[in-house]
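Listed below are the residues making up each chain.
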Amino acid sequence: MLVSVRDGAGPLLGRDVEIGLVTSLLDSVPAGGGALVLRGEPGIGKSRLLAEAAALARERKFTVLSAMGVQSEAHLAFSGLHQLLRPVRAHAAVLLPAQRAALDAAFGLDDADATGQQFRLAMAVLDLLSEAAVAAPVLLVAEDAHWLDPPSLDVLAFVARRLESDPILLLAATRDGSDRAFGDAGLPEHRLGGLDPVVGATLLDASAPDLPRSQRGRLLREAAGNPLALMELPLALPRRADQDAPIPGLLPLTERLEHAFAARVSELPDHTRLLLLVTALNDGDRLQEVLVTGSAVAGTTLEIGSLEPAVEASIVELDVRTVRFRHPLMRSAVSQAASVAQRQRVHEALADVLGAEPDRRVWHRAALITGEHEDVALELEQAGRRARRRGAIGVAVAAMRRAAELSERGQRARRLLATAELAFELGQRDVVSTLLSDADRLVLGHLGRARAMWIREMVDTRPLGDPARITAVLAAAEQAGAAEERDLQIDLLWLVASRTWWVDPDQAARKLLSEAAHRLGGVDADDPRVVAIHAYADPFGHAPGVLARLRAAATEGGRDTEAARHFGPTALVVGAFDLGTDFLAVAVDRLRTEGRLGHLPRMLTLYSSMAARLADWDVAIPAAAEARRLATELREPQWEAAADTVVSLIAGMRGDEEAAEQAAARAEGIAEPAGANITVAFAQFGRVLAALGAGRHADAYRSAERLFDPADSAYHPVVCSWLIGDLAEAALHADRIEEGRARVAQVEAIAGASPGTWIQLGLGHARALLADDDEAEARFEEALGSGLARWPFQRARLLLTQGQWLRRRRRIADSRAPLRAARDGFDALGCAVWSDRARRELRASGEASRRRNPAARDQLTAQELQIAQLAAKGLSNREIGQQLYLSHRTIGTHLYRVFPKLGITGRSELQAVLNAAAGSPER
């Protein structure tokens, strides 16, 4: 019984709840996959439970794929993923070429540059596993996940969040207190606690039946239900005549276990201990590597038989090709028990053996050395570059950081700053701060200080409201320009320009920024980044030139991704939403194609915001939902909040007061503590429109006024002008006409003679509503004649207010035409609250008006609408999945739900139903 319990062949005691949980997950997999993270202290039985789960899965004819994290392998890019996928790599033949290329690059089979392609790789893995699951359901097992290499962990987290429709289950085990493995992935978790006292006693009796009573009681208390401790600690107890003496020197449980394992190892033959030390320090599990290295250290040939005593002592598991420790604590015990000199000698020997594998070799060369070793530092830097090309940024950071530690003084600052840039790209803000502090103690020079300033400000995401801070960044930009580092100069100026959009600085700082922008070139510059800096530096003053440059760019063919993703936000800043949506459509499409998922939350948020103002729901609704989903997944709360402002805006336009308020409140809850005035300002748009639609004009006026009040967190001197039409409408009905006219005059003064399109429309709306009776009709005609073809919501609102004005002046017959047009416009847009207002006005004019049924498409969720649109264009499920970063099975599941909602039976009918009118009149 003792051997079977220790070898894991006996029954799994005290884990009925966990077995039931795993069993239910496995049984539900054919209907849809999922993931579960098991957490617990070392030795608590996580690995044993995973082994039981794998056995249950094999009984159910699952394909079981597993990977085990090993601390010494964490610097090997995608080593965990390679373990996991090795048995199913043949399925890569059916993947798209770009996906196969991403896999090959990640696994070092292709020298192609995979920088920035981590999400394409993740999609390739998801599709590969989905293909493998066609023949049989798949169980993915990640053991000791806290020691898997970071890029493998990132891919697994991405995949785990997308298993809803695939017959795939991920079970991962990680230690308590380790957030490195799936800590913020949002996956379901279950913590394994200690065995209950009765079960613990049963296990202890099975593993050590001859244990004296006094020692038995003490061990039960100290083991606290930890199965590994209950089985292993009895072997470390001294066998003395005085069996009732207390157990001496009780250390924390993990340390006691390591000491117990070290004591068992110390009793083994010298050559066995040497081979165990090689196994502990090796970053692989190949038996041949261990034997060759051990032989080099020993000065004599060692054979596999030298490891047999360790197998008999249950320290390692051995087969013809590999050798592994039975438990990670055994590995650490062996390593810690050896002297520094012994470990250094083994590392040196491993480096010699691994000469053909430079990425592994260099880490052994770098182990346990201090001081300046420029040759090793150069090898580490090269390893870091290779890791980055493969998309393993976390591994690149580790290599570059170690290279900086071993660098000669002249190279250290450069490597520290390069490592800080990589760490920022990975989101390791605490690491960046440490690296910059180390760099500050060195002689950086003007250019080095400018680069450090850029990195520091990128990490510090607080708005640049402090004029002194703005001046310092602008000075760094000038230093970069003087050193002919134009890209760094532009990066620094762009940082200032974009941050001052969040919170308006004083005029002196804005003037400095504008002057620096002009030194880069005029608003007609070829570089779209320079155009963007001009727009952000002075949205009103530079609007005419920026608009001219945008219109010229809009007529140019072959716009590339970088131009589109700079011109789109530039158009937003100057209020040219009609131009901006066209640029951002290109940017979003290209970023998807290039697999650059990290840029999508911002681009989708801006795209949906501008599309909403155009009332293009087919773009705005799914783009806003996707932006929010991706921002949440990528842990970008500022873009999650920004996406919520769009959700609120759409809800406000469509008359859903509750949804508008909830989304606005969520956005403010994130943005206000961060000092992001721009987001708080945008959160008011949905509130204002919801209040206007419901006839709560005083509430609408108060929310709109917040953007004009410098003491309010929603204050924004540019964005306030976008609300002028809404504020005027609220002022008219809240009996605040003179205050409204004063705000109109204020916006006219700051916007100048050539404002952006949206501000022009808002001013036209405001002037018509607040005009005196003798001017109002002309103002309405002027506003309606200002080109509203792409602005149907604005046009319908103008028509509604014109009809109201005419009816209140007893021009009943004249009022009906604009009121009908307004009703039809709102009906077509699905804005029921506004349609109802138009119908009430028509009834008051003596004309009946029947309600229209909502379009069938309004029953779809945002994601279902997006999938239906792509399917209607003829894209396959796999192609749609590639665009939306979802499994093709998930796409199929969504379409299965879409068809009955739309009253169709197949995708060939999608285009017609999506293009259909909003509905037919009620009978």
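Bear in mind that the values here come from a model prediction, so they are computed numbers and not experimental data. By convention here, each chain's residues receive numbers from 1 onward along its written sequence. Totals for whole chains, interfaces and linings use every residue, but because this is a predicted model, local features are given only for residues with pLDDT of at least 70 and side-chain atom pairs only at 80 or more, for both listing and counting. Excluding hydrogens and water, the side-chain values take into account all heavy atoms of the structure.

A short note on the overall build of the protein
Next, step 1: Summing up its helical and strand segments, the protein has 46 helices and seven strands in all.
Next, step 2: Projecting the C-alpha coordinates of the protein onto the three principal axes gives extents of approximately 110 × 70 × 55 Å.
Next, step 3: Contacts are residue-level and defined by heavy atoms, with any inter-residue pair within 4.5 Å sufficient. When contacts within the protein are restricted to residue pairs at least 6 apart in sequence, those whose partners lie at least 24 apart make up 70%.
Next, step 4: Residue burial considers only the protein chains on display, and all accessible areas are found by Shrake-Rupley using a 1.4 Å probe. Of the accessible surface of the protein, which amounts to about 37100 Å², a share of 51% is contributed by carbon and sulfur atoms. For the purposes of this entry, the term helix denotes a DSSP run of H or I that reaches at least four residues, the term strand denotes a run of E that reaches at least two, and both are numbered from the N terminus.

As for helix α9 (residues 213-223)
Next, step 1: Buried, partly exposed and exposed residues are distinguished by accessible area as a fraction of the type maximum, computed with a 1.4 Å probe on protein chains only: under 20%, between the cut-offs, and over 50%, respectively. What α9 keeps buried is the set Gln215, Leu219 and Ala223. Buried residues along α9 cover an arc of 55 degrees about the axis, so they all sit on one side. Exposed and facing more than 90 degrees away from the buried side of α9 are Arg213 and Arg221. This arc is built from the directions going out from the helix axis to the C-beta atoms.

Side note on the nonpolar core
Next, step 1: Nonpolar cores were defined as sets of buried Ala, Val, Leu, Ile, Met, Phe, Trp, Tyr and Cys residues, with membership established by side-chain atoms within 4.5 Å. Residues Leu103, Phe182, Leu492 and Trp722 are the most contacted members of the largest nonpolar core, which totals 210 residues.
Next, step 2: Ranked by residue count, the leading element in this core is helix α6 (residues 118-132), at ten residues.
Next, step 3: Leaving out residues up to four positions away in the same chain, Leu492 has contacts with Ala450, Met453, Trp454, Val473, Ala476, Ala477 and Ala480.
Next, step 4: Leu281, Leu291, Ala333 and Leu350 belong to the second largest nonpolar core, which has 43 residues in total.

Overview of the pattern of salt bridges
Next, step 1: Should a side-chain nitrogen of Lys or Arg be within 4 Å of a carboxyl oxygen of Asp or Glu, the pair is scored as a salt bridge. For the structure shown, the criterion picks out 70 salt bridges.
Next, step 2: Notably, a salt bridge pairs Glu562 with Arg565, separated by 2.9 Å at the nearest N-O pair. Of this pair, Glu562 and Arg565 are both found in helix α28 (residues 561-573), three residues apart, which corresponds to roughly one turn of the helix.
Next, step 3: What you see here is one network of salt bridges that share partners, running through Asp283, Arg286, Glu289, Glu357 and Arg360.

Points about the environment of Ile880
Next, step 1: Mapped onto the fold, Ile880 is located in helix α44 (residues 877-884).
Next, step 2: For Ile880, a relative accessible area of 0% translates into the label buried.
Next, step 3: Sequence spacing of Ile880 and Ala868 is twelve residues, and the spatial spacing of their C-alpha atoms is 9.6 Å.
Next, step 4: Residue contacts for Ile880: discarding those within four places in its chain leaves Ile867, Leu870, Ala871, Leu875, Ile891 and Arg907.

Describing the side chain of Thr679
Next, step 1: For Thr679, the location among the structural elements is in helix α34 (residues 677-693).
Next, step 2: Residue classification places Thr679 among the buried positions, given a relative accessible area of 10%.
Next, step 3: Among all residues touching Thr679, those that are not within four sequence positions of it are Ala641, Ala642, Thr645, Ala667 and Ala671.

A word on the environment of Ala615
Next, step 1: Its location among the elements puts Ala615 in the loop between α30 (600-613) and α31 (617-633).
Next, step 2: Contact partners of Ala615, with chain neighbours within four places excluded, come to Pro792, Phe793 and Leu829.

Side note on the confidence of the model for the protein
Low-pLDDT stretches of the model should not have their predicted coordinates read in fine detail.
Next, step 1: Per residue, pLDDT captures the predictor's confidence, and it can take any value from 0 to 100. Looking at the protein, the pLDDT average stands at 88 and 94% of residues meet or exceed 70.
Next, step 2: Averaged pLDDT values for the elements of the protein fall to 39 in helix α1 (residues 2-6) and rise to 97 in helix α35 (residues 697-705).
Next, step 3: Scored below 50 in pLDDT, residues 917-923 makes 15 contacts in the model with residues more than four places away or belonging to other chains.

Description of the sheet that holds strand β5 (residues 189-191)
Next, step 1: Paired strands, in this sense, are two strands between which DSSP finds at least two bridges. Judged by pairing direction, the sheet is parallel, and its five strands sit side by side in the order β2-β3-β4-β1-β5 without closing on themselves. Among the strands making up the open sheet, the edge pair consists of β2 (63-68) and β5. With strand direction ignored, the average angle separating the axes of adjacent strands in the sheet is 15 degrees.
Next, step 2: For β2 and strand β3 (residues 138-143), the ladder comprises six bridges, and the chain directions are parallel. For helices, the fitted line uses only the C-alpha atoms of the stretch in contact; every axis is such a line through C-alpha atoms, and the angle between N-to-C directions lies from 0 to 180 degrees.

Looking at the packing of α31 against helix α32 (residues 637-653)
Next, step 1: Direction vectors running N to C along α31 and α32 enclose 150 degrees, while the axes themselves pass 8 Å from each other. Accordingly, the angle class assigned to the pair α31 and α32 is roughly antiparallel. In this structure, α31 meets α32 at a crossing whose hand is left-handed. On α32, the residues touching Trp617, Ala620, Ile621, Ala624, Ala627, Arg628, Ala631 and Thr632 of α31 are Trp639, Glu640, Ala643, Asp644, Val646, Val647, Ile650 and Met653. Note that the term roughly parallel is reserved for angles under 35 degrees, roughly antiparallel for angles over 145, roughly perpendicular for angles of 65 to 115, and oblique for everything else. Definitions for this section: a left-handed crossing has its near helix turned counterclockwise from the far helix by less than a right angle. A right-handed crossing has that turn clockwise.

Observations regarding the environment of Arg345
Next, step 1: Summarising the element assignment, Arg345 is placed in helix α16 (residues 340-353).
Next, step 2: The sequence separation of Arg345 and Leu368 amounts to 23 residues, and the corresponding C-alpha distance is 10.0 Å.
Next, step 3: Those residues in contact with Arg345, other than ones at most four positions away along the chain, are Ala296 and Val297.

Topic: the side chain of Ser152
Next, step 1: With respect to the helices and strands, Ser152 occurs in helix α7 (residues 150-160).
Next, step 2: Setting aside residues no more than four positions away along its own chain, Ser152 makes contact with Phe78, Ser79, Gly80 and Leu81.

Section: helix α13 (residues 287-298)
Next, step 1: Helix length check: α13 (twelve residues) gives 16 Å between terminal C-alpha atoms against 16 Å at 1.5 Å per residue, within 8%.
Next, step 2: Every buried residue of α13 is accounted for by Leu287, Glu289, Val290, Leu291, Thr293, Gly294 and Ser295.
Next, step 3: On its buried side, α13 packs onto α12 (270-281), β6 (316-318), β7 (323-325), α16 and α17 (358-366).
Next, step 4: Looking at the residues trailing α13, positive phi occurs at Gly299, about 75 degrees. Each residue after the first adds 1.5 Å to the expected span of a helix.

With respect to the packing of aromatic side chains
Next, step 1: For Phe, Tyr and Trp, where Trp contributes only its six-membered ring, two rings pair if their centres lie within 6.5 Å, and the inter-plane angle classes them as stacked under 30 degrees, edge-to-face over 60, or tilted in between. Tallying each qualifying case throughout the model produces 14 aromatic pairs.
Next, step 2: Geometrically, the ring pair formed by Phe682 and Trp722 is tilted, given 5.6 Å between the ring centres and 45 degrees between the ring planes. Within this pair, whereas Phe682 is found in helix α34, its partner Trp722 is found in the loop between α35 and α36 (724-733), the two being separated by 40 residues in sequence. Exposure class is identical for Phe682 and Trp722. Each is buried.
Next, step 3: Aromatic pair Trp758 and Trp791: ring centres 5.5 Å apart, planes at 45 degrees, arrangement tilted. With Trp758 in helix α38 (residues 757-770) and Trp791 in the loop between α39 (773-784) and α40 (792-808), this pair connects stretches of sequence that are 33 residues apart.
Next, step 4: Judged by relative accessible area, which is 8%, Trp758 ranks as buried.
Next, step 5: Of the aromatic side chains, those joined through ring pairs into one cluster are Trp494, Trp501, Tyr536, Phe577, Phe682, Phe685, Trp722, Trp758 and Trp791.
Next, step 6: Placement of a positive charge over a ring is assigned whenever Lys NZ or Arg CZ falls within 6 Å of the ring centre and within 35 degrees of the normal to the ring plane. Across the ring face of Phe158, the terminal group of Arg162 is positioned such that the distance to the ring centre comes to 3.7 Å.
Next, step 7: Just above the ring of Phe685 sits the side chain of Arg613; from NZ or CZ to the centre is 4.7 Å.

So, the packing of helix α24 (residues 486-502) against helix α25 (residues 507-520)
Think of two packed helices as two axes; the pair is described by the angle between the axes and how far apart they sit.
Next, step 1: Closest axis-to-axis distance for the α24/α25 pair is 11 Å, and the angle between their directions is 145 degrees. Seen from above, α24 lies across α25 with left-handed handedness. Packed against α24, whose contacting residues are Arg486, Gln489, Ile490, Leu493, Val496, Ala497 and Thr500, the element α25 presents Arg510, Leu513, Ala516 and Leu520 at the interface.
Next, step 2: Each residue is assigned to one class: nonpolar for Ala, Val, Leu, Ile, Met, Phe, Trp, Tyr, Cys and Pro, charged for Asp, Glu, Lys and Arg, and polar for all the others, Gly among them. Of the residues contributing to the contact of α24 with α25, the split by class is seven nonpolar, two polar and two charged.

Brief notes about unusual backbone geometry
Leaving glycine out, the prevailing phi sign among residues is negative, and the prevailing peptide bond configuration is trans.
Next, step 1: Even without being a glycine, Phe78 presents a positive backbone phi close to 65 degrees.
Next, step 2: Residue position: Phe78 is located in the loop between β2 and α4 (79-85).
Next, step 3: Non-glycine residue Ala224 carries a positive phi angle of around 50 degrees.
Next, step 4: One can find Ala224 in the loop between α9 and α10 (227-236).
Next, step 5: Relative accessible area serves as the criterion here: at 53%, Ala224 is assigned to the exposed category.

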